[in-house]
Amino acid sequence: MPMAPLPDLASLSLAEIAQLAAEQKLPPVERWNPTHCGDSEMRIARDGTWFHQGSPIGREAMVRLFSTILRREPDGGFVLVTPVEKLGIEVEDAPFTAVEMKAEGEGSDTRLAFRLNTGDLVTAGADHALRFAGTPDEPRPYLHVRGGLEALVARSLYYELADRALAGDEDVPGVWSAGFFFPITPA
């Protein structure tokens, strides 16, 4: 069954984006606990590219499918998990990359929605916090996606976030989304 094409984020309202995000049906990987079977020979590079046995996975639908069975383990490692199999996967930084952003509203009424490299849609807020790591010279912004999995926010989007933070009137530079304030200061 072919996967549906990704909608154009710019053409959607944030209400439509929220509805699409709520409709995303993910497997219940948190309830699956098979025995660890070995290594998947897969790696997710810092830029979000997925590799298998050293070669990039070129089929976007395969990456999207694998991303739905990705789980973060309590020890901080990452696995691909099904009801009967669990395979380790190397993640260089974050397993996802936020590649597109749409903002609506002003000040504390702002909502920021992100599209990930896997097509997932995530609105920053209580369950999807933005955090800023790194240094002032090399900032690394992240968006919580689900179950301890994060997306590295693309550099171009970081600049958009920084512009929003500098335009705000808060004492600490930061951005609002869904009623939550996220300071842009490396932790």
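Below is a summary of the structure that appears in this document. (Residues numbered from 1 in each chain as written. Predicted model: local features only at pLDDT ≥ 70, side-chain atom pairs only at ≥ 80, totals over all residues. Heavy atoms only, no water.)

### Topic: the environment of D109
Within the element layout of this structure, D109 appears in the loop between β7 (96-104) and β8 (111-116). Taking the relative accessible area as the measure of exposure, D109 reaches 63% and is therefore exposed. The spatial distance from the C-alpha of D109 to the C-alpha of W176 is 7.3 Å, given a sequence separation of 67 residues. (Helix = DSSP H or I, 4+ residues; strand = E, 2+ residues; numbered from the N terminus. Buried < 20%, exposed > 50% of the residue type's maximum accessible area, 1.4 Å probe, protein only.)

### Remarks on helix α2 (residues 60-67)
Residues of α2 that are buried: V63, R64 and S67. All buried residues of α2 fall inside an arc of 100° around its axis, so they share one side. Summarising the contacts, the buried residues of α2 are in contact with β2 (50-52), β4 (70-72), β7 and β11 (139-146). (Arc of directions from axis to C-beta. Contact = heavy atoms within 4.5 Å.)

### Concerning the environment of R146
Note that R146 resides in strand β11. We classify R146 as buried; its relative accessible area is 19%. When the C-alpha atoms of R146 and R71 are compared, they prove to be 9.0 Å apart, with 75 residues separating the residues in sequence. When neighbours within four sequence positions are excluded, R146 is seen to be in contact with L26, S67, T68, F96 and D120. Within the local environment of R146, its side chain forms a polar contact with the backbone oxygen of S67, the two atoms lying 2.7 Å apart. (Polar contact = N/O pair within 3.5 Å; in protein donor to acceptor, adjacent residues only side chain to side chain.)

### So, the packing of aromatic side chains
Using the criterion set out here, one finds four aromatic pairs in the structure. Residues W50 and F66 carry aromatic rings whose centres are separated by 6.5 Å and whose planes lie at 15° to one another, so their mutual orientation is stacked. On the criterion of sequence distance, the pair formed by W50 in strand β2 and F66 in helix α2 is long-range, its members being 16 residues apart. Taking relative accessible area as the criterion, W50 reaches 1% and is therefore assigned buried. Here W176 and F181 contribute two aromatic rings whose centre-to-centre distance is 5.2 Å and whose plane-to-plane angle is 55°, an arrangement assigned as tilted. (Phe/Tyr/Trp six-rings, centres within 6.5 Å; stacked < 30°, edge-to-face > 60°.)

Limitation: the analysis is restricted to geometry and does not speak to function.
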